[in-house]
Amino acid sequence: MAPVPSTELPPDIHAGRILVLDFGSQYTRLIARRVREAGVYSEIRSHDIAADALEAFGPRGIVLSGGPDSVTGSNGLSIPESVFRTGVPVLGICYGMQAMAARFGGTVQSSEVREFGMAEVRARGHSELLRGIEDRSGPGGEGLLDVWMSHGDRVTALPEGFRTIASTPNAPIAGIADPARQLYGLQFHPEVAHTTRGGAILRRFVNGICGCPAVWTPANIIEESVAAIRERVGPRGQVLLALSGGVDSSVAAALLHRAVGDRVTGIFVDNGLLRRDEGEQVMETLAAGQGVRVRRVDAGPRFLAALEGVEDPERKRNVIGNLFVEIFEEEAERAGGAAFLAQGTIYPDVIESAGADTGKADVIKSHHNVGGLPERMRLALVEPLRELFKDEVRAVGLELGLPRDLVFRHPFPGPGLAVRVLGEVREDRLERLRAADAIFLEELRRAGWYERVAQAFAVFLPVRSVGVMGDQRRHEPVIVLRAVQTGDFMTARAARLPWELLEIVSTRIVNEVPGISRVGVDVTSKPPATIEWE
């Protein structure tokens, strides 16, 4: 029986929305997340958003990100005129402030002394943006802020109508404001954790100056998502849910079951690309309490056959995505003609697959459930998590009452081990990788490190390295260990695992996994690398 819909209208969680225009900063996604932490919905779009797209979005406020370019250079990116025609408050950060100052007639020049790192900013002019926000007071009673700077240019002359609201010895104009037009700029980065009062500054902008209500909360997201699912699926629509056993699909399952009850059927496709014993673990987890009927499809041979000879990572993802949909359409026929396919697609998947409306972003990698889907599908998509960052998905999962160990389980990519076996995917390579990965995760748990990292896994490299065992020469493939710490999975740093732990893992892998001669460790951050290798 489907639950009886509530007669109460859910809160409009998009009532106040902030548009973040990306000028290429490594911190752009942090801006969007910090805005959401203030209880306000935000989206990231390209800096050159079209006027009609801007109008359709209907922002209550706009944030201009930083970026690597120089306003003084020939390739400097400009702000669309339509931004200032909206009449909504605008906050420029770093490059965004410089571009806004230049747009209104100010002067931007290269600094003799560049600022990268911590700085102390003096708040001046008692602007609405910074009033009452400080880390401490100076000898004259002025407000002082500890902030993060990252710039080589600086504003040296104010545009007409603007005044200085913050300064440092190296950047006398470190903050600007034109209160009459509700235009603000900060040379420092309020979105990074190093700016200790950055959250308060962004809340002042979005909740105070822009007047956005703080309604973007897990409870409200659930209520709105359930209502949206019911409207999309209708009173009799049948839904197939792609289940992996991870947090994203599990939270999607809980939302769908709350919305349409037994009209959702979970399909767990065992593609032969899972970790050791994962198929059985997934079925046990799903049977333990999502309330969703689950059917397991053993399709390993089909996926391995389709991947034979495929080495390019994008091609792998497309092959896997196409075959997933083909299998789900077959299951829809068996289920009596389900019309909808539900997925645990989340916002980082969309961003990395260049899924923004502009389509101008570089494709970092096509996620099999976004860029890897075929253009023509018979099933209509339902994606209740598409607007959420990973940390928001977890918050919603906890609000739904899902077990904490499930909610904080390390993510596993949709294409599975196919993107952790570099080059062609073969069963012998998969078996060696499964064994090495199991050892790594087992030792992480034993040492108490599993919950201290956000994601950890092993990678199989199809290169051969010379080794010696029992006085015999070995010329065999290499395993690389990867462990990262992150909150949103959009940026990440390599986890600093203890050397003793790495030594134990390495020794076990070369001793217990046949055909492995060497173990390496990936210490690259994201960016420049991605978390997964492919």
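Residues numbered from 1 in each chain as written. Predicted model: local features only at pLDDT ≥ 70, side-chain atom pairs only at ≥ 80, totals over all residues. Heavy atoms only, no water.

Draft legend 1. Highlighting the overall build of the protein chain. Secondary structure assignment for the protein chain yields 15 helices and 19 strands. Here the protein chain, with 534 residues, has 56% of them falling under the buried criterion. Within the structure as shown, the protein chain displays about 22800 Å² of accessible surface, and the carbon and sulfur contribution to it stands at 48%. (Helix = DSSP H or I, 4+ residues; strand = E, 2+ residues; numbered from the N terminus. Buried < 20%, exposed > 50% of the residue type's maximum accessible area, 1.4 Å probe, protein only. Areas by Shrake-Rupley, 256 points an atom, 1.4 Å probe, with all protein chains shown as cover.)

Draft legend 2. Up close: unusual backbone geometry. Positive phi, close to 55°, is recorded for Gln 182, a residue that is not glycine. Secondary-structure assignment places Gln 182 in the loop between strand S9 (175-178) and strand S10 (183-186). A residue is classified by how much of its surface remains accessible, and Gln 182, at 28% relative accessible area, is partly exposed. For Asp 277, which is not glycine, the phi torsion reads 60° and is therefore positive. Along the chain, Asp 277 falls in the loop between strand S12 (264-270) and helix H8 (278-287).

Draft legend 3. Highlighting helix H10 (residues 313-334). Under the 1.5 Å per step criterion, the end-to-end length of H10 is 32 Å for 22 residues, consistent within 8% with the ideal 32 Å. Two to three positions downstream of the cap, the backbone nitrogen of Glu 314 sits 3.1 Å from a side-chain oxygen, assigning the N-cap of H10 to Asp 312. Once H10 finishes, Gly 336 follows within two positions and takes phi at roughly 90°, a positive value. (Expected span 1.5 Å × (residues − 1). Polar contact = N/O pair within 3.5 Å; in protein donor to acceptor, adjacent residues only side chain to side chain.)

Draft legend 4. Up close: the pattern of salt bridges. According to the stated counting rule, one finds 33 salt bridges in the structure shown. Between Asp 270 and Arg 296 there is a salt bridge whose closest N-O contact spans 2.7 Å. A residue pair is termed long-range when its members are at least 10 positions apart, and Asp 270 in strand S12 and Arg 296 in strand S13 (residues 293-298) qualify at 26 residues. The shortest N-O distance in the salt bridge between Arg 446 and Glu 442 comes to 3.0 Å. A residue pair is termed a helical-turn pair when its members lie 3 or 4 positions apart in one helix, as Arg 446 and Glu 442 do in helix H14 (residues 427-446) at four residues. (Salt bridge = Lys/Arg side-chain N within 4 Å of Asp/Glu carboxyl O.)

Draft legend 5. Structural detail: the packing of aromatic side chains. The full count for this structure, using the stated rule, is seven aromatic pairs. Where Phe 84 meets Phe 104, the ring centres are 4.9 Å apart and the plane angle is 80°; that geometry is what we call edge-to-face. In this pair, Phe 84 is assigned in helix H3 (residues 81-85) and Phe 104 in the loop between helix H4 (95-103) and strand S5 (107-123), connecting sequence segments 20 residues apart. We note that Phe 84, like Phe 104, is buried. Ring geometry for Tyr 347 against Phe 389: centres 5.3 Å apart, planes inclined by 75°, an arrangement best described as edge-to-face. (Phe/Tyr/Trp six-rings, centres within 6.5 Å; stacked < 30°, edge-to-face > 60°.)

Draft legend 6. Spatial organisation of the side chain of Ser 65. For Ser 65, the position within the fold is in the loop between strand S3 (61-64) and H3. Discounting residues that sit within four places of it in the chain, Ser 65 has contacts with Leu 21, Asp 22, Phe 23, Gly 24, Ser 25, Thr 28, Ile 31, Ile 93, Tyr 95 and Gly 96. (Contact = heavy atoms within 4.5 Å.)

Draft legend 7. Geometry of the sheet that holds strand S15 (residues 380-382). Here five strands make up an open sheet; going across it, the order is S13-S12-S11-S14-S15 and the pairing parallel. Looking at the sheet topology across the chains shown, the edges are occupied by S13 and S15. The sheet shows a mean angle of 30° between the axes of neighbouring strands, direction not considered. Inspection of the sheet shows S12 paired to S13 by six bridges, in the parallel sense. Counterpart to Phe 268 in the pairing with S13 is Arg 296. (Pairing = 2+ DSSP bridges. Axes fitted to C-alpha atoms, helices over the stretch in contact; angles between N-to-C directions.)

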